[in-house]
Structure formats: structure tokens, C-alpha cells
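If you want the building blocks of each chain, they are given just below.
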Amino acid sequence: VQLVESGGGLVQPGGSLRLSCAASGFTFSSYVMRWYRQAPGKERELVAVIGGTGGNTKYADSVKGRFTISRDNAKNTVYLQMNSLKPEDTAVYYCNVNKLWYDYWGQGTQVTVSS
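Quantities reported herein were computed from a predicted structural model and do not represent experimental measurements. (Residues numbered from 1 in each chain as written. Predicted model: local features only at pLDDT ≥ 70, side-chain atom pairs only at ≥ 80, totals over all residues. Heavy atoms only, no water.)

**Concerning the pairing of strand β4 (residues 33-38)**
The condition that has to hold: Between any two strands, at least two bridges found by DSSP are needed for them to pair. Helix and strand definitions here come from DSSP, where helices need a minimum of 4 consecutive H or I residues and strands a minimum of 2 consecutive E residues; each element is numbered from the N-terminal end.
In the sheet, β4 pairs with strand β5 (residues 45-50) via five bridges, with the strands oriented antiparallel. Counted as the bridge partner of W35 is A48 from β5. Linking β4 back to β5 in an antiparallel pair, the connection comprises six residues, with G41 at a positive phi of about 75°. In this structure, β4 lies alongside strand β9 (residues 91-99), joined through six bridges in antiparallel fashion. From the neighbouring strand, R37 faces β9, where its bridge partner is Y93.

Have a look at this one:
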């Protein structure tokens, strides 16, 4: 299993970013995919979840209405569209898949929201 995140960067408050996570090594469309984030000095937190077909999504209260998780099963890629970004969204963002009760993680992509 390999997960590779991209799309992070520095953005001003109120701005947008789109994160991507390219997956390989498993049957992508069969698995729930998740985005987590970890800010300095804080525990990793779940941000968004999407079912295998893309029809079921869930969000942390802190990002509801601002972030959208989606997936393209033809490209084995999951996305996180982040709008109306706030300084408190600053974190390293990770995608995750749980396969046979084992958590796989990407290397993470840094998102910094600052003026």
C-alpha cells in the first residue's frame, strides 16, 4: 500500500487549497478513505471520511461547510477541497486507509494558513 499526498502550501486566511492523495497497492474503490491532520503540539484528528463509492461522506464539526472530500476511483485518488481557510487549519494533512485492521498513512502535506 502506498499513499502520496500533494497540494499543500501557504495560503492566506479565506483562501482555498485542494489536496490530493494518490493511492496504490490495493483495490482503491473497495475501501473507505480518510483525511487526518496534525497541528504542532496536538494530536492527530480526523477531518473527513468518504465511502468506497463516494456516496457517503462525514466531516469534523470544525471543517463542516468549508471542506469537501471526494474521490476518483478511475484515478485511485482522493481529494480534499478546502475553502475559507482559517489559521487554525494549519497542520500537516495525511490521507489514510485501514486495510485488514492496519492503518496505512502517507507522508503528509503541510498546509499553512497565514497572512
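**Here's the deal with the side chain of D89**
We apply this condition: In protein, a polar contact means a hydrogen-donor-capable atom and an acceptor-capable atom, both N or O and within 3.5 Å, with residues adjacent in sequence counting only if both atoms are side-chain atoms; elsewhere, any N or O pair within 3.5 Å suffices. Every residue pair with non-hydrogen atoms within 4.5 Å of one another is taken to be in contact.
Mapped onto the fold, D89 is located in the loop between β8 (77-82) and β9. Among the polar contacts listed, one links the side chain of D89 to the side chain of R37, at a separation of 2.9 Å. Excluding anything up to four places from it in sequence, D89 contacts R37, R66, F67, S84, V111 and V113.

Keep in mind that these numbers describe shape and distance, not what the molecule does.
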